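Given next are the chains, with one letter for each unit.
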Number of protein chains: 2
Amino acid sequence: MADKTIYRASTTAPVNIAVVKYWGKRDAQLNLPTNSSLSVTLSQSDLRTHTTASCSASYPEGDSLLLNGEPSDVTGHRTQSCFRELRARRAALEAADPSLPKLSTLPLRLVSENNFPTAAGLASSAAGFAAFVRAIANLYALPDSPAQLSLIARQGSGSACRSLFGGYVAWRMGSRPDGSDSLADQVAEASHWPDMRALILVVSAAKKGVASTSGMQRTVATSGLFQRRIDDVVPRHMDAMEEAIRDRDFAAFAEVTMRDSNSFHATCLDTYPPIFYLNDVSRAAIGAVEAVNEAAGRTVAAYTFDAGPNAVVYYLQQDEEMVVGTFSALLGDVTGWKDGVQSYKSPVVLVERLSEVIKTGVARVIMTGVGEGPVKTDEHLVGEDGQPIVR
Amino acid sequence: MADKTIYRASTTAPVNIAVVKYWGKRDAQLNLPTNSSLSVTLSQSDLRTHTTASCSASYPEGDSLLLNGEPSDVTGHRTQSCFRELRARRAALEAADPSLPKLSTLPLRLVSENNFPTAAGLASSAAGFAAFVRAIANLYALPDSPAQLSLIARQGSGSACRSLFGGYVAWRMGSRPDGSDSLADQVAEASHWPDMRALILVVSAAKKGVASTSGMQRTVATSGLFQRRIDDVVPRHMDAMEEAIRDRDFAAFAEVTMRDSNSFHATCLDTYPPIFYLNDVSRAAIGAVEAVNEAAGRTVAAYTFDAGPNAVVYYLQQDEEMVVGTFSALLGDVTGWKDGVQSYKSPVVLVERLSEVIKTGVARVIMTGVGEGPVKTDEHLVGEDGQPIVR
């Protein structure tokens, strides 16, 4: 009789928000970037993907993924690359130690859930692929380091490689054609600079604009300014950002963050036809950050925008009253404020028009901060009977 | 008894809208640009400055300028440079021919009027300084060519040098430190490609953003991408644009126009702190141009934006029904449509949100087209008694 064991392993993985942006592939097949990038891993209390990987000879043939309760396609090139790479590593272990169960030959069943609404327009693919790879690596008991696993996650979604670490994480672009040196490494633990906070402004009606994969390829192909960003701007920003993190220098961190976001969106605008992710609400958020910095007489907040209009505002815990208080005063009672925020006082008076635009344009906020990398958990989303647990 | 003669000369001068943009000075004192630029001179039937220069020993001491009925400051560095340069040329003539009246010694009185509302947010300084220089050159009977006069107008306002010619006009950046080779020349007469039309969408509540003089200096000082624009992008755009104009190739003209506008605004966004001139209405206008080109199956329209949210849409006369019809259908009965436009049919259906944004955001339109350079006129804005004529 065949072994009907249900093998299971689970992990959670974090979202990361880049402060030096990934935009542009030099190899679309392998997800190799045109430039290095650097991100802050955000706390999984607020934003995380929880994934259980399981395998069993009792499962029907073929791998499957249930994402937020919905069956998800796994036949795509990127997902297949991750399956293939992870199975190959498990198969090597099995070949070296014949006593190991032949998990690499069994169908995989993955069940995954986000603790944040997909509708929020937050890039969930980074947390998603990081959890996917980490969960299967746990299931297969792979000895690979997070950096080694980041090589695999990168092939699922470029920025996913950075979600295999907590804290402050660089994705080194590498130079080898096979991508074997294009991986993530940890610049600093979350505990090195634990008071980094992030306020995310989720913009209403943020219908998906140009998808990032096709968008970045159009930028590489058509932007006259892009080459300068990758040759000159990003290398300077990477150096300055690593130094700022090392020295816990928020003013320097903030300047590079804002400059790099602007530089990235400038190359989007310089794409032909142009790509716009920032809208009038985003501009108003930039205005609000500039206003709070001016009122403070020093840099207390920094904005950054991914491929969409949502603003992520970084600040330090000690400036929370000033920074969050300003946005709270502007936005009123949208969803997402944590306890006590309503009593914060803001030193900033924004011009009325800015205030109006931002007030009507932000649907909810998420308050979070720097956090840890993937965490193994025994809370499985697949039951002992092999069935997905619906919650 | 002193000569009380009132000497008078008058001219009109056109607005120009660049298709390869001027943004950045290498010498702020002399108004020397970081790159060449190229513009279309617009018809003076629709947009022009009318200026009378007069001088007389009977005038009180000191030069003066009445602009749209209001006294205007002439003590600024730029205006003083123009006065000084023009007087020096007149003085040289007087020295060579002692029979000439010594106009260079007399106080100048200038009276100037625009035929378009200042509130429209159209850059009027180009037409203004071109008319200013041309009127005084006429008064002084200077033999200087328009290209020579463009050297002077440039010192008043950079883009003014291009308004000394009609048709299609380049401003060559030059290389000499004294600016003596940074002047305008005519790439083609208006009659070479007379069917070029422009529809200007004047955006409501377009309160002045960052002034272009300080804005461009901030870009030069802070944008990491800017150097690439001036080293690589603009030289390519200049060559391609001159070729497109020579060949009357609208598709090529349009592509360079749109790419160059995007490149310029990208460097503004890449400025630190960032400069935004485009807003959601501008983006909607870009969307409408993309939609009409798609519906036509060829390039029938091109957008460009100066240092503000107003869109200028270039198109050819033969495509007026399609292009203007689309904007007319979108905008309804704002001010500025010419006769017959309401009967145009549009092939374009825009998504509702785009349509809503553009409809509520555009205050008026101006329909115009390529036109001639400054025209001498005997209609004076200073009476025979030396008094300004108030109309």
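Values in this document were obtained by computation on a predicted structure and should not be read as measured data. (Residues numbered from 1 in each chain as written. Chains lettered and ligands numbered in written order. Predicted model: local features only at pLDDT ≥ 70, side-chain atom pairs only at ≥ 80, totals over all residues. Heavy atoms only, no water.)

*Asks:* Got a minute to help me understand the side chain of H50 of chain A in this structure?
*Replies:* Residues and elements named next belong to chain A. Among the secondary structure elements, H50 is positioned in strand β6 (residues 48-55). Among the polar contacts made by the side chain of H50, one reaches the main-chain carbonyl oxygen of E379 at a distance of 2.8 Å. If we ignore the near neighbours within four places in the chain, the residues touching H50 are S10, T11, T12, V111, S112, E113, T377, E379, L381 and R391. (Helix = DSSP H or I, 4+ residues; strand = E, 2+ residues; numbered from the N terminus. Polar contact = N/O pair within 3.5 Å; in protein donor to acceptor, adjacent residues only side chain to side chain. Contact = heavy atoms within 4.5 Å.)

*Asks:* Would you take a moment to explain the packing of aromatic side chains for this structure?
*Replies:* Each pair of aromatic rings is reported with the distance of its centres and the angle of its planes. Residues and elements named next belong to chain A. Under the criterion given, the structure shown has 20 aromatic pairs over all chains. One aromatic cluster is present, built from ring pairs that chain together Y168, W193, F250, F253 and Y314. Lying across the ring of Y59, R109 places its NZ or CZ 4.0 Å from the centre. (Phe/Tyr/Trp six-rings, centres within 6.5 Å; stacked < 30°, edge-to-face > 60°. Lys NZ or Arg CZ within 6 Å of the ring centre and 35° of its normal.)

*Asks:* What's the story with the domain arrangement of chain A in this structure? I'm lost.
*Replies:* Many structure descriptions define interface size as the accessible area lost when the parts assemble. Residues and elements named next belong to chain A. With domains assigned, chain A is organised as domain 1 (7-189) and domain 2 (196-369). Residue-level contacts link 31 residues of domain 1 with 41 residues of domain 2. Overall, the association of domain 1 and domain 2 removes approximately 2,900 Å² of surface from exposure, summing both partners, and the carbon and sulfur fraction of that is 69%. Contact with domain 2 buries surface across domain 1, with V19, K21 and W23 losing the most and accounting together for 30% of the total. The interface formed by domain 1 and domain 2 holds 3 salt bridges in total. Here D46 makes a salt bridge to K338, at a shortest N to O gap of 2.9 Å. Put simply, domain 1 and domain 2 have 11 residue pairs in polar contact (both at pLDDT 80 or more) between them. At the level of secondary structure, the elements contributing two or more residues to the side of domain 1 that touches domain 2 comprise β2 (16-20), β5 (37-41), β10 (168-171) and β11 (184-188). (Domains from an automatic or database assignment. Buried area = accessible area lost by both parts, 1.4 Å probe. Salt bridge = Lys/Arg side-chain N within 4 Å of Asp/Glu carboxyl O.)

*Asks:* So what exactly am I meant to see when it comes to the relation of the copies chain B and chain A here?
*Replies:* Note: a rotation about an axis with an accompanying shift along it relates these two copies of the chain. For the pair chain B and chain A, the superposition axis carries a translation of 0.0 Å, the fit reaches an RMSD of 0.1 Å, and the rotation angle comes to 180°. These values place the two chain copies in the arrangement generated by a two-fold rotation axis. Residues of chain B ranked by C-alpha distance from the rotation axis are headed by A266 of chain B, positioned 2.1 Å from it. When the interface residues of chain B are mapped onto chain A, 100% of them again fall at the interface, so both copies present the same face. (Least-squares fit on C-alpha atoms with pLDDT ≥ 70 in both.)

*Asks:* Honestly, the packing of helix α5 (residues 226-246) of chain A against helix α6 (residues 250-269) of chain A in this entry has me stumped. Any pointers?
*Replies:* How two helices sit against one another is set out by the angle between their axes and by the gap between those axes. All names here are of chain A. Across the interface, α5 lies against α6 with an axial gap of 9 Å and an inter-helix angle of 160°. It follows that α5 is roughly antiparallel to α6 by the angle criterion. At the point where α5 passes α6, the crossing takes the left-handed sense. When α5 is examined against α6, the residues F226, R229, V233, V234, H237, A240, M241, A244 and I245 are found in contact with a partner set consisting of A252, F253, V256, T257, R259, D260, S263, F264 and T267. (Axes fitted to C-alpha atoms, helices over the stretch in contact; angles between N-to-C directions. Parallel < 35°, antiparallel > 145°, perpendicular 65-115°, else oblique. Left-handed = near helix turned anticlockwise from the far one by under 90°.)

*Asks:* Can you help me understand helix α3 (residues 146-156) of chain A in this one?
*Replies:* The periodicity of an α-helix, 3.6 residues per turn, causes residues three or four positions apart to be oriented the same way. Residues and elements named next belong to chain A. In terms of burial, α3 is a largely internal element, 9 of the 11 residues being buried. Among the residues of α3, those classed as buried are A147, L149, S150, L151, I152, A153, R154, Q155 and G156. On its buried side, α3 packs onto β4 (32-33), α1 (77-96), α2 (125-139), β10 and β11. (Buried < 20%, exposed > 50% of the residue type's maximum accessible area, 1.4 Å probe, protein only.)

*Asks:* Help me understand empty space enclosed by the protein in this model?
*Replies:* On inspection of all chains with the given rule, the structure shows 1 cavity of 30 Å³ or more. Volume-wise, the largest cavity comes out at about 200 Å³. Along its surface, the largest cavity is lined by 19 residues, and L269, F276 and L278 of chain A together with L269 and F276 of chain B are the ones closest to its centre. Looking at the lining of the largest cavity, the elements with two or more residues in it are α6 and α7 (280-296) of chain A together with α6 (250-269) and α7 (280-296) of chain B. Here the element with the most residues in the lining of the largest cavity is α6 of chain A; it accounts for 3 residues. (1 Å grid on protein atoms, 1.4 Å probe; cavity = no way out; pocket = protein on both sides within 12 Å on 5 of 7 lines; lining within 4 Å. Points joined across faces, edges and corners; volume = space filled by probe spheres on them.)

*Asks:* Looking at this structure, how should I read the pattern of salt bridges?
*Replies:* Two side chains of opposite charge can pair, provided their charged atoms sit close to one another. All names here are of chain A. Tallied over the full model, the rule gives 32 salt bridges over all chains. For the salt bridge of R89 with D144, the shortest nitrogen-to-oxygen distance reads 3.2 Å. Here R89 is found in helix α1, whereas its partner D144 is found in the loop between α2 and α3, with 55 residues between them in sequence. Classification of R89 by relative accessible area gives partly exposed; the value is 22%.

*Asks:* Would you mind going over the interface of chain B and chain A with me for this structure?
*Replies:* If you look at the interface, chain B gives 31 residues, while chain A gives 31 residues. Carbon and sulfur atoms make up 62% of the surface buried where chain B meets chain A, a total of about 2,700 Å² over both sides. Applying the counting criterion to the chain B and chain A interface returns 0 salt bridges. Our count for the contact surface shared by chain B and chain A stands at 7 residue pairs in polar contact (both at pLDDT 80 or more). Residue assignment for the side of chain B that touches chain A shows that the elements contributing at least two residues are α5 (226-246), α6 and α7 of chain B. In terms of residue count, the dominant contributor to the side of chain B that touches chain A is α6 of chain B (9 residues).

*Asks:* How do you make sense of the environment of Y315 of chain A when you look at a structure like this?
*Replies:* Residues and elements named next belong to chain A. Counting through the fold element by element, Y315 comes out in strand β14 (residues 311-316). Residues Y315 and Q148 lie 167 residues apart in sequence; the distance between their C-alpha atoms is 31 Å. If we skip the residues at most four places from it in the chain, Y315 touches D195, M196, R197, A198, L199, F250, V300, E320, V323, V324 and M367. A distance of 2.9 Å separates the side chain of Y315 from the side chain of E320, its partner in a polar contact.

*Asks:* Looking at this structure, I do not really get the packing of helix α1 (residues 77-96) of chain B against helix α3 (residues 146-156) of chain B. What am I missing?
*Replies:* Residue and element names in this part refer to chain B. Put simply, α1 and α3 touch, their axes get as near as 7 Å, and they point 155° apart. By the angle between their directions, the pair α1 and α3 is classed as roughly antiparallel. On α3, the residues that touch R78, S81, C82, E85, L86 and R89 of α1 are L149, I152, Q155 and G156. Taken together, the residues of the contact of α1 with α3 break down into 4 nonpolar, 3 polar and 3 charged. (Nonpolar A, V, L, I, M, F, W, Y, C, P; charged D, E, K, R; others polar.)

*Asks:* Can you help me understand unusual backbone geometry in this one?
*Replies:* Residues and elements named next belong to chain A. Cis geometry marks the peptide bond from Y272 to P273; its omega dihedral reads -5°. Even without a glycine there, the phi angle at N68 is positive, about 50°. By the element assignment, N68 lies in the loop between β7 (64-67) and β8 (70-72). Judged by relative accessible area, N68 falls into the partly exposed class, the value being 32%. One non-glycine residue, R248, adopts positive backbone phi at about 50°. For R248, a relative accessible area of 45% translates into the label partly exposed.

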